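Structural features, examined
Read off the chains here:
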Amino acid sequence: MRRKRKLRFSSVITHLLLLVLVFINIFPLYWMVTFSLKTNDEILGYSYEDPVTGERTQIAPNHVGLPRHWEWDNYVAAMKTGNMGQYFINSLVITVLAIAITLIAGFMATYALTRLVWKGRKAMNKFFMLGLTIPIHAAIVPVYVMLSKLGFLNTYAALIFPYAAFALAMGILISTGFMGDIPYELDEAAFLDGCGVWGIFVRIIAPLMMPAIATVGIYTFLQCWNELLFATVFVSSGKYRTLPVGVQQLFGQYTTRWGPIGAALTIATLPTLVAYAFLSRRIQDSFIAGAVKG
Amino acid sequence: MKKLVALFVAVILALSLCSAFAEGEKTTLTMWCIATESDANRPAYEAAIAAFEAAHPDIKIEWEAFENQSYKTKIKTAMADPSTLPDIFFTWAGAFLGDFVDQGNVYCLDEAYKEFAADLPEVMMGNASYGGSHYGVPLTMNIVVMFANMDLLAQAGYDDVPTTYDELIDCCDALVEADITPFGCAGSETWCVTEYLEPIILKTIGYEELGEIFAGSATWNDEAIATAVDTFQEMITKGYFDPNGISLGNDQVKANFIAGQYAFYQNGSWNCGEVNDAEGNFKVCLFPVMDAEKATYSQVIGGPSDTLAVAASSQNPELAAQAAFELGKEICHYGYLAGSGLPAWTPDYDTSEVKALVADVAAMVAAADGMVLFGDTAMSADPANTYLNFVSKVYGCEIDGAGFITSLASALQ
Amino acid sequence: MKRTLSYKLNIGLFLLPALILFLVILIAPIAMSAYYSFYDFNSIAARDMDYIGLSNYKTLFSRFLVNAENGMQYENDKFMGDALTNSLLLAALSVFIQLPLALLIALKLSKGIPGERVYLSVFFMPVLISTVIIGRLWMNIYDPGEAGILNAGLRAIGLDKRLFPWITARLTSSKLEFTGQWTGFKETALLAAFIPILWQYVGYHMLLMYAGILGVPSELLEAAELDGCSERQVNRYIIVPYIKPILKVCVIFAVTGSLKSFDLIYTLMKDTTKAELPSTLMYKLLFLHNRYGLGSAIAVILIALCFLFALLISMAFRTRGEKVA
């Protein structure tokens, strides 16, 4: 009896603390959406003189409340200047393809590094781990020259391959953990059934690596979706511009008008969050499935 | 591997040649600039390009605009492989373009200039000339001016801008007394701090010495500069500057000034159009003289800096050079009328519509008896940024005048 | 089977895609950077290069330099030490504040409390927002003017009147008054940069750990409960050791991420000098100062450091593991 009550009390505390964290997570986004619908006057506060009585009325700034007047014009302004839709699609294409390449190359390399038997695979593994340590911005000039020689500049490929290359090391590190947990007996059984290494990889390993896709995918997504400098330098044509570059450009234009900036921030964030609302369960599930298998 | 790459490049080249023929006789010129949508200069670029394409139906200008900060990275990286440069690119004159010229990546404009010499005085080409040859087409020119909010000055009992240093200090004290912040300065963009510091130094040591210092032929180690820096810091610690400025960007500071939060705002004359069109009663003036033996009121910091250049790697360099001049002239024209700068080109159009503040600045330039280009444009990249690093420390009061001159004198020997 | 598994051609083919990507886009450019770091040159096309040996590294590690002509000592504005300290501080904050917080949440949520999925979704959400957007959003949050929500909040509860003078007097070395310019002072800017990082990534680590905890076999937990272990004991002696591989990945990610972090600071502050990190200093030296040799030297140092830390972290986790076993 006593224990039950204590449990309840502590769980109330837990919930309270978690709710505080939820508030901290949501509040900046809520605030962003509210100021995207306000005018500077409403955010900063203003005063006006009554033309008849000559009385000055002070209007206090509205920091966190809902807008008194919903200023949809901010969204019109933000949409008019940036080609946000196109940028969003570009980011999506580049990110998805980079993830695909990272996964394929990463799984294959991991297979060679963990399942195949050869001298020097430990050294090779360490060599790949070097990639974890390389800051993406360090190599910008040589990579530019390389991409130009390959004729990749100003195409999706200019970003897809570098992003995949920079995500590869983490991909291999994560996959190694997942692949190590697949029992070797399965390989042996498949071998006895007449599978070669490729057969084992495609029929046995790859399907069992599904859970790793979420983990590697999210990590790669983080790198590609956010990246600003490569995206600025390697792509000139507006046709292939990505979201961060587009957003950055928009900020340059409305540096002092809070409304359109908020609108731009919201427009750039909303599609991701909507997609996430639908997919969050699946993302979490694959994360969890992976860990349970392991 | 090499062979493979070569083959690949050959195929790409062949393909692009084919497509060039397929498109017919229309020539395409590519251009990079920083006039992003709703940038103050955007309408000028749009109008200039439309006019150019109308005059040359066989030429198409394909242009891309980039955000200022990232553009600097982009254009510098592109120099590593000149084949990736556009035909025409925006650049800042002085050392910024000079580096590209040194690398042999910029097409010499001497030949093309001949045709336009009548409309474009040679002196305006000076900042983009290296070794006696011209490499850039100037667009507009600008100087540092002090914008004053006359309504706020009136509240402190002043009906005109202060013209001597003592008057300025009295005026600032009166403003502080009346609970008005005299100055706003964007500390998070160090070039904005130089817009305050350079005129103070200029009015202390005169344009000849300052010009030599920026050119590297005279030393920073001059007691007078230390005094000027200390004066600036005294103004800061006396509360003449908005303390929030240290973490604000220039656009915010400018907006605050226009909204009536500061009495003065010292910055480039490209702001004239915006300030002119804002609600309120504004005037332009110059920072007063500190040492009358060495400087005069009408000496100014500034000069033509915004420039178009042509890549040496261009397929049609003559055509691109021609286009750069024609575009430059029109961008200058529309920019002048919009108040985003003074014309580097001699106007051949109706200038009666020019905004009042712009006209005032034009008069200052005409009367100037000495001009020094902005320090960070005049110096080459490394010293310029070392200079900016120390200027940033001055605004944060991390070093004093003596530390500033000894550090700079040693670092920039 | 062993013979099939060690067939050379297959090994090569499996490694090929990763190796090509790796060599062409990472290793070759980095090798170039390492080569450049021994030269002094200001042309990006790598012309007119002077071989200067280790001078670039020496420059980066000298707080003061001496003028060759007059023998005067002056402050070196290319000194890397402060940036390095900052990034190590950032790494320490990440490992000792961010990760424990993430672990705590993950432990709580994995116990199956009502609404855990909602909590999970909300905590993970900031991970999906672009850093550029987060940088800009927090720039607005820190705005020192009327509209900045942080200062407005402090004003609303009257804390600004006590906190700001305290910061001015005790924390900042500058003569200037602190009036809420969080990104304007050296002493507050790094913390101001850490908070958005914490805000964004805590959910990422939390989800990784949460998934790991769900993978702990339930027999183990039941056995522990039968033995009368308290929740704390279960957490300490069963769960944490079990998810060590995931913790290792988290720590490596947090440390190397801190050493390399760039985008957030670059978008949060126009002037990065107030919270300079090796990567922002490298960017400045490469693209503002045009000192390509010096910039490349920072790149090399960063890579060496990240590699060293990754190695140390792996070793630390290994020895710990042996003790527990």
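Residues numbered from 1 in each chain as written. Chains lettered and ligands numbered in written order. Predicted model: local features only at pLDDT ≥ 70, side-chain atom pairs only at ≥ 80, totals over all residues.

1. A look at the overall build of chain B
Stated formally: Put simply, DSSP H or I for four residues or longer makes a helix, DSSP E for two residues or longer makes a strand, and each gets a number counted from the N terminus. C-alpha atoms define the radius of gyration in this analysis, and the globule rule sets the expected value at 2.2 Å times the number of residues to the power 0.38. Buried means a residue has 20 or more other C-beta atoms within 10 Å of its own C-beta, exposed means 12 or fewer, and partly exposed covers the counts in between; C-beta atoms are placed from the backbone. In this description, any two residues whose backbone-derived C-beta atoms lie within 7 Å of each other are considered to be in contact.
The helix and strand tally for chain B stands at 17 helices and 14 strands. Taken over C-alpha atoms, the radius of gyration comes to 23 Å for chain B, in line with the 22 Å a tight globule of 413 residues would show. Viewed in the frame of its principal axes, chain B has a C-alpha envelope of about 75 × 50 × 35 Å. Expressed as a percentage of the 413 residues in chain B, the buried residues total 54%. Considering only residue pairs separated by 6 or more positions, chain B has 79% of its internal contacts joining residues 24 or more positions apart.

2. A look at the overall build of chain A
Of regular secondary structure, chain A possesses 13 helices and 2 strands. Computed over C-alpha atoms, the radius of gyration of chain A comes to 26 Å, more than 25% over the 19 Å expected from 2.2 N^0.38 for 294 residues, which places it beyond the range of a compact globule. For chain A, the C-alpha atoms occupy an extent of roughly 95 × 75 × 30 Å along the three principal directions. Put simply, of all contacts in chain A between residues at least 6 apart along the chain, 79% involve residues at least 24 apart.

3. Section: the packing of helix 8 (residues 190–205) of chain B against helix 10 (residues 223–237) of chain B
Residues and elements named next belong to chain B. Here is the rule: In this analysis, axes come from line fits to C-alpha atoms, helices being fitted only over the stretch in contact, and the angle between any two N-to-C directions falls in the range 0 to 180 degrees. Put simply, angles under 35 degrees are roughly parallel, angles over 145 are roughly antiparallel, angles from 65 to 115 are roughly perpendicular, and the rest are oblique. What makes a crossing left-handed is the near helix being turned counterclockwise from the far one by less than a right angle; a clockwise turn instead makes it right-handed.
Closest axis-to-axis distance for the helix 8/helix 10 pair is 9 Å, and the angle between their directions is 135°. Classified by the angle their axes make, helix 8 and helix 10 are oblique. Seen from above, helix 8 lies across helix 10 with right-handed handedness. Contacts from Tyr196, Leu197, Ile200, Ile201, Thr204 and Ile205 in helix 8 reach Ala224, Ile225, Thr227, Ala228, Thr231 and Phe232 in helix 10.

4. Some remarks on the interface of chain B and chain C
How big an interface is tends to be reported as the loss of accessible area on association of its parts. Test applied: Classes in brief: Ala, Val, Leu, Ile, Met, Phe, Trp, Tyr, Cys and Pro nonpolar; Asp, Glu, Lys and Arg charged; the others, Gly included, polar.
Listed as interface residues are 35 residues of chain B and, on the opposing side, 32 residues of chain C. Those elements that place two or more of their residues in the side of chain B that touches chain C are helix 3 (68–78), helix 4 (95–102), helix 16 (381–395) and helix 17 (401–411) of chain B. If one sorts the elements of the side of chain B that touches chain C by residue count, helix 16 of chain B sits on top with 7 residues. Each residue belonging to the side of chain B that touches chain C can be placed in one class, and the counts come to 9 nonpolar, 19 polar and 7 charged.

5. So, the environment of Thr266 of chain A
Residue and element names in this part refer to chain A. Mapped onto the elements of the fold, Thr266 is located in helix 13 (residues 258–293). The exposure class of Thr266 is buried, given the 21 C-beta atoms found within 10 Å. Each C-alpha atom, one on Thr266 and one on Met84, is 11 Å from the other, the two residues being 182 residues apart in sequence. For Thr266, the residues in contact, after removing those within four places along its chain, are Met32, Val33 and Ser36.

6. Description of the domain arrangement of chain A
All names here are of chain A. Keep this limit in mind: As used throughout, domain bounds are those supplied by an automatic or database domain assignment.
What the domain assignment lists for chain A is domain 1 (2–71) and domain 2 (75–293). One C-alpha centre belongs to domain 1, the other to domain 2; they are set 36 Å apart. Each partner contributes residues to the interface: domain 1 has 9 residues there, and domain 2 has 7 residues. Counting only elements with at least two residues in the side of domain 1 that touches domain 2, the list comes to helix 1 (2–35) and helix 2 (40–44). For the side of domain 1 that touches domain 2, the leading source of residues is helix 1, giving 3 residues. In terms of residue class, the side of domain 1 that touches domain 2 is made up of 4 nonpolar, 3 polar and 2 charged.

7. Thoughts on the domain arrangement of chain B
Residues and elements named next belong to chain B. The domains assigned to chain B are domain 1 (24–141 + 304–359) and domain 2 (142–303 + 369–411). Relative placement of domain 1 and domain 2: their C-alpha centres are 29 Å apart. Each side of the interface is counted separately: domain 1 has 22 residues, and domain 2 has 20 residues. At the level of elements, helix 4, strand 7 (140–149) and helix 14 (356–367) are the ones that each hand at least two residues to the side of domain 1 that touches domain 2. Residues that form the side of domain 1 that touches domain 2 fall into these classes: 12 nonpolar, 8 polar and 2 charged.

8. Description of the environment of Tyr240 of chain B
Looking at the element boundaries, Tyr240 of chain B is found in the loop between helix 10 and helix 11 (250–258). Spatially, the C-alpha atom of Tyr240 of chain B lies 10.0 Å from that of Phe264 of chain B, the residues being 24 residues apart in sequence.

9. Overview of the interface of chain A and chain C
The interface is formed by 78 residues belonging to chain A together with 66 residues belonging to chain C. When residues of the side of chain A that touches chain C are assigned to their parent elements, the largest contribution, 14 residues, is made by helix 13 of chain A. Its residues assigned to classes, the side of chain A that touches chain C shows 57 nonpolar, 19 polar and 2 charged.

10. Focus: helix 10 (residues 210–226) of chain A
The periodicity of an α-helix, 3.6 residues per turn, causes residues three or four places apart in sequence to face the same way. How we decide: Multiply 1.5 Å by the residue count of a helix minus one, and that product is the helix's expected span.
Its 17 residues place the ends of helix 10 of chain A 25 Å apart at the C-alpha level, agreeing with the 24 Å of an ideal helix rising 1.5 Å per residue. Burial of helix 10 of chain A is extensive: 13 of the 17 residues sit out of reach of the surface.

11. Describing the nonpolar core
For clarity, the cut-off: Joined through C-beta atoms within 7 Å, a set of buried Ala, Val, Leu, Ile, Met, Phe, Trp, Tyr and Cys residues constitutes a nonpolar core.
Residues Ala164 of chain A together with Met209 and Ile298 of chain C are the most contacted members of the largest nonpolar core, which totals 317 residues. Residues contacting Ala164 of chain A, with those up to four places away along its chain left out, are Ala98, Ile101, Thr102 and Ala105 of chain A together with Leu21 of chain C.

12. Overview of the pairing of strand 3 (residues 88–92) of chain B
All names here are of chain B. Defined as follows: At least two bridges found by DSSP between two strands is the condition for calling them paired.
Within strand 3, 4 of the 5 residues are buried, which leaves the element mostly enclosed by the surrounding structure. In this sheet, strand 3 lies alongside strand 1 (residues 27–33) in parallel orientation, the contact comprising 2 bridges. Its bridge partner being in strand 3, Met31 is matched across the sheet by Ile88.

13. Remarks on the packing of helix 5 (residues 116–124) of chain C against helix 9 (residues 186–214) of chain C
Residues and elements named next belong to chain C. As a packed pair, helix 5 and helix 9 sit with axes 7 Å apart at the nearest point and diverge in direction by 140°. On the basis of the axis angle, helix 5 is oblique to helix 9. From helix 5, Leu120, Phe123 and Phe124 reach across to helix 9, where they touch Val202, Gly203, Met206, Leu207 and Tyr210. Here the residues of the contact of helix 5 with helix 9 sort into 7 nonpolar, 1 polar and no charged.

14. Section: the environment of Val66 of chain C
All names here are of chain C. Assignment of secondary structure puts Val66 in strand 3 (residues 64–66). Its 13 C-beta neighbours within 10 Å are what place Val66 among the partly exposed residues. Between the alpha carbons of Val66 and Arg170 there is a distance of 33 Å; along the sequence they are 104 residues apart. Excluding residues that lie within four positions of it along the chain, Val66 makes contacts with Gly71 and Gln73.

15. A closer look at the pairing of strand 1 (residues 46–49) of chain A
Residue and element names in this part refer to chain A. In terms of strand pairing, strand 1 meets strand 2 (residues 56–59) through 4 bridges, oriented antiparallel. Among the inter-strand pairings, Glu49 is bridged to a residue of strand 2, identified as Arg56. Taken together, strand 1 and the strand that follows it, strand 2, pair antiparallel across an intervening segment of 6 residues, in which Gly54 is found at a positive phi of about 75°.

16. Topic: unusual backbone geometry
Keep in mind that most residues, glycine aside, have a negative phi and that most peptide bonds are trans. Here the phi dihedral of Asn154 of chain A falls at roughly 65°; this positive angle occurs in a residue that is not glycine. Mapped onto the fold, Asn154 of chain A is located in the loop between helix 6 (140–150) and helix 7 (157–180). Overall, Asn154 of chain A belongs to the partly exposed group, with 16 C-beta atoms counted inside 10 Å. Positive phi outside glycine occurs at Asp179 of chain B, with the angle close to 65°. One can find Asp179 of chain B in the loop between helix 7 (165–177) and strand 8 (181–183). Judged by the 8 C-beta atoms lying within 10 Å of it, Asp179 of chain B is exposed.

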